[in-house]
Structures are given as C-alpha cells and as structure tokens.
Amino acid sequence: MATTEVERRRGQLAALSIAAVVIIVGIPLWWRTTETYRAWLPVSQIKELADLQLQLSADVEVVFARGTVTPEQQKKVPLTQSQEEEVIIDGDTSLRYRYEIRYRTATIMEEDALNQPTPAVADLSLHTLSESPCGSLVVYVIPESSSLLPQDVDVYIGQRRTALLRIGGFVGKTLEQLLAHLEPRIKQVLQIMSFSNTDITAALSDRVRPSPGNRGSKADSMRAFKSSPGYEITFSLLNPDPKSHRLHWDIEGAVQTYIQPLLTKLSLVANFSIDSQMLYYTMLGVNPRFDSSSSTYTLNADSLAHVINPVEARLGSNAASSNPVLNFLLYVPDAQHSPLYIHDRKKQQVPSNAFHSPRWGGIMVYNVDAFYGEEATFPIDININMAKVMGVFLAQLRLLLGVQSSTPPSGFLVAPCGSTGLADWELDRLMWSRSVENVATATTTITSLAQLLDQISNIVINDNIAQQVSSAVTSLQLAVAELEAGNLGFALQYSKEAILASERAFFDPSLLHLLYFPDDQKFAIYIPLFLPMCVPILLSLLKIVSEVRQRHREKKAKND
C-alpha cells in the first residue's frame, strides 16, 4: 500500500516536472527561436510624412536703377517684403509658395552694366558682377527713357537668373504706390523664371489627380520622363538602303558640340551616358503614301504611332542598367521612297520633319534625294549635316527631360538659351519640379512599404532594410527643410538620396512574402510535432488535478 502511494507520488512529480520544463523552458525557447525578426522602423515619422505639406521659398532681389525712384522714395530702401500663397491640393497634400523680396538701389558697377548697348551684353555684365545662387532671381528696374530694351519690350529675361523690367511712365508719390504698380509685372516674371503652381502640381501628378484646368500640365508631365538618378541616351542612324548610299555622320563630334554642354549643366539633376549605333536594312513599320501632287511620300499623324514598335525591336537595350533609355533615331529613307515628309493632323508638312514619342524618344527623317543626280553612281557617299540634326534632337531632349518652353506674355522678350541649350533659370525650374517629384515619390514609396509591413506580420525586417528606411526618412525631412529654406541645390540632393534609399528598401528581395510560411502551414507543421508530446502531459495534469480534488472532498467528508 505504501509502495503504491510512493509510486503514484513519484509519477505525479515527474509529470509536474516535465510540464514545468515544457512551459517554463520549452515554449519560450521555441517561441524565441521561431519568431519573425522585425527591426524597429520610424513609423510615427513616416505617418507625419504621409501628410505632405511643402513650402517652397525663393529669394528675389528687385534693384532700382537711377531714374526709377525719387529721392524721397530712395530713403526707404533697402526694404524687405514677403509674399505667400497657399494651395490645398487635397486632404493629404498642400503647397505653400513664399517669396522673400528685397528692394535696393543699384550700385555704380551695376549702373555701368545697365548702360550697355544691348540687353544680352548687360545680362552678361551683371552676371559677371555677382552670380546668383540656385533658385534666386534678380530683377533690375530701368527707367522708361532707357534705350537698353526695344520700344515694344517691357521685360527682358536673360540667360542667367536676371530680368530687366522697364518701369513705364508711372512714378508714384510714395514707395508703396510704386511697388504696387510693379507687383503684377514682377509676379509675371516669377511665374516664368521661378516655380509656378502649374509645374509643381504637374510634378505631383502621380500622387494627386489633376484638376480639369490643369490638363495641359498633365500632358506635359506625361511627355517627360519621370525623375531618375540616371538616363541612357542612344543615337541611332537607320540606313534601310545601304546599296544606294553610304552615310557618314560625326556623331561623336556632334555630341560634344551640341549635347554635352546641356548634359553638363544637367549633371545636378541626373547622370547621363551616351552611346550610338548604325543599323542597316531597318525599315519603318509603316508604308508611306505617295502624294502625286508633289511627287513625294508622306507619313500622316495617324500612322506615326505604328512606326516605333517595329523599329524598337532592332534597337536593342542596355540590360545592365535600370535607368530609362532615351532613343533618338535618324532615318534616311531608301531611294524608292524618297523624299519622305511627315504631316501633322492638319495635313501640313512638319518643318523639322521629325516627331517625338512621350517617355520614349524622337525620330527624324533626313532626306538625301538631292544627291540623286542623273550621273550619280551608287552607292553615294553622303555626309549628314549634324548641326541640322542635333538642333532637332536637342529640342526633343529638352522636352523629354521636362524643360518646358512656355509662351511669354505680351511685352516680354526671352533670350535664346545659348550654346548650353539651357538657361540658368530653366535649370532652376527643372530642379524645383524634380525636387518636389522626388519628395512625393519617396514619400509614397516609404508609406506604402510601412503599410505593407504592418499588414503582413510574418515578413522579416532585417537591419539593412530598417537602415534604408531610416535613411530615406531622414533625407526626406532634410529635403523638405531645405525647400522651405530656399536651398534648392541641397533640397534636390537630399530628395535624390531619399528616393534611392526608399526604392532600395521597397524592392529588397528579402521582403518577398512567398519566402515565409502562412499560418495554416505553420499549424500543419507544428501539430504533428507537439500533439504526441502534449497529450500525455495534459492527461497526467488532468489526472493529478482530479486526484487532488478527490482527496479534498474525502477530507472534507471526514471532517464533517
């Protein structure tokens, strides 16, 4: 009897010991070794960035030349004023534009520069005196009697960050009246040379829907390539009839002369690489129509969309790079379909004989039928006029990179962009748009990643991803702060770092959901493992509890 009691006691202690080991050691150890590692993410800061509130600030100097202000008005300058405008895009996006305008009188050297014979020379002289930083503008107000501007021109916008404004016949009694008179013209200058609500809203097109009045800006934004750290530019010469003509093009020299100055100036925005190729026996995917009235072949606007796909198959691609590719094709028609001209939707001949495709590139048709004489021997050696070709490709490249050329208001004269292909203020406008676009894209990417990781709890978040997310959030905060401070160069750099870090985190291979088991598969794996072990332990525990309750009842009955 005593032996049986000892054995039962020993069995109970063994069951309790095993249960204690399983509960205290086994389950925590299993939980710790099988839990999904998820590094800490700055979720609260990401939620703050999701509500995008941007402020763009620009410094503007208005300089009064001699004869534009009275001695009484001159006593009140220098003077600083701030102009602000707030635009609510939607519930999660708002924009605030701020101009810090400083009024002063011209220095002696600036007066000498304003006495130059032409506005272009004056613009260069003023630029030599002091170079304005990125994002800032200087407006020189000249008297009506000045011969610097033509008679029908009130505002001249130069190649740099300088504008010349004729004051007209108005000279107010007070400085406030004079400034109120100049304000509309200065606002027009700022809309052309600095950021505008149309450009900034178009840069946010992937985040917000455009309003019906901004369809034009939406079309412009869809034409240009999206912001990218780098671009690949490919120039291709298509010779469908090498038996009729041997083509020679100095593409290397043409790129150095016409394209490289523009790309050097755009190096702040992105990196560029250029290559070229010649393709033989490459035909267009559309048969041109013969126009008997002019004895020429034509491509109408409806058929241009079918030209690209067949040609694109022969172009090849740079598979080693993930950057967008800008294709520029120079097509020399064969002798049987020459000359070949492109017509627009109004059945009018396109002067450049070229067209471009949004976010793809451009194609130019180069006719050489003038070389086909009666005594010509085939194949004919033809040297292509690269100045003519590059002039067209340069204009298309500007459009595809987002450099918009708007029509100036009446009374405005905009200087040609010069040998660089891009004015300084045009570069600033592009940098404003790219900075805002990068901030919006990076914010959307990092917010989507945070929501994804919150919804799928069994995805591992390793330290590398957490570091990239934190880096993206920090760069975004710095970019927003620099935009608010008006430091355009730093804002663009931080926005580029933010978009790179956010995309590296979002597209990390370790974040693939299929790399991890769903919950039902986990149950299917663990039940056969734990059930045979847990059932005897649970039964033993239930038996011990039953015996304890039985003894308790017997003891209570005995006492009664």
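As the structure is a prediction and not an experimental result, all values here were calculated from the model. (Residues numbered from 1 in each chain as written. Predicted model: local features only at pLDDT ≥ 70, side-chain atom pairs only at ≥ 80, totals over all residues. Heavy atoms only, no water.)

**Q** Lay out the packing of aromatic side chains with the relevant residues and their values.
**A** Centre-to-centre distance and the angle between the planes together describe a pair of aromatic rings. All told, the structure shown has 11 aromatic pairs when counted by the stated rule. When the centroid spacing of 5.4 Å and the interplanar angle of 50° are considered together, the rings of Phe328 and Phe393 count as tilted. Here Phe328 is found in strand E12 (residues 325-331), whereas its partner Phe393 is found in helix H11 (residues 386-400), with 65 residues between them in sequence. On the accessibility criterion, Phe328 (1% relative accessible area) is buried. Relative to Phe507, the ring of Phe506 has its centre 5.2 Å away and its plane inclined at 75°; by these criteria the two rings are edge-to-face. A relative accessible area of 31% places Phe506 in the partly exposed class. Through pairs of rings, three or more aromatic residues link up here, namely Tyr97, Tyr99, Phe195 and Trp432. (Phe/Tyr/Trp six-rings, centres within 6.5 Å; stacked < 30°, edge-to-face > 60°. Helix = DSSP H or I, 4+ residues; strand = E, 2+ residues; numbered from the N terminus. Buried < 20%, exposed > 50% of the residue type's maximum accessible area, 1.4 Å probe, protein only.)

**Q** How would you summarise the sheet that holds strand E10 (residues 289-291) if you had to cite specific residues and measurements?
**A** Read from one edge to the other, the open sheet built from 3 strands follows the order E10-E11-E13, with strand pairing classed as mixed. What marks the edges here is a single partner per strand, and that holds for E10 and strand E13 (340-342). Adjacent strand axes in the sheet meet at a mean angle of 40° when their direction is disregarded. (Pairing = 2+ DSSP bridges. Axes fitted to C-alpha atoms, helices over the stretch in contact; angles between N-to-C directions.)

**Q** Any details on helix H14 (residues 488-506)? Residues and values, ideally.
**A** The first and last C-alpha atoms of H14 sit 27 Å apart over 19 residues, in line with the 27 Å expected at 1.5 Å per residue. Buried within H14 we find Leu488, Ala491, Leu492, Ser495, Lys496, Ala498, Ile499, Ala501, Ser502 and Ala505. Buried-residue contacts for H14 involve helix H12 (424-455) and helix H13 (463-485). (Expected span 1.5 Å × (residues − 1). Contact = heavy atoms within 4.5 Å.)

**Q** Please set out the confidence of the model for the protein residue by residue, giving values where relevant.
**A** Summary statistics for the protein give a mean pLDDT of 84 and a share of 92% for residues scoring 70 or more. The secondary structure element of the protein with the lowest average pLDDT is helix H8 (residues 215-223), at 58, and the one with the highest is helix H9 (residues 251-265), at 93. (pLDDT = per-residue confidence, 0-100.)

**Q** Now, about the sheet that holds strand E7 (residues 230-239): what can you tell me, with residues and values included?
**A** Reading across from one edge, E9-E7-E12-E15-E14 is the order of the 5 strands in this open sheet, with mixed pairing throughout. Lying at the two open borders of the sheet, with one neighbouring strand each, are strand E9 (271-280) and strand E14 (354-357). Taken over all neighbouring pairs, the strand axes of this sheet differ in orientation by 15° on average, direction set aside. Relative to strand E15 (residues 361-365), E12 runs parallel, the two sharing 5 bridges. Bridge pairing in E15 links Leu330 to Met364.

**Q** I'd like a description of the environment of Ile461, backed by residues and values.
**A** As for its placement among the helices and strands, Ile461 is situated in the loop between H12 and H13. Each C-alpha atom of the pair Ile461 and Ser94 lies 32 Å from the other, and the pair is 367 residues apart in sequence. In this view, Ile461 contacts Tyr37, Arg38, Ala39, Leu41 and Leu453; residues no more than four positions away in its chain are not counted.

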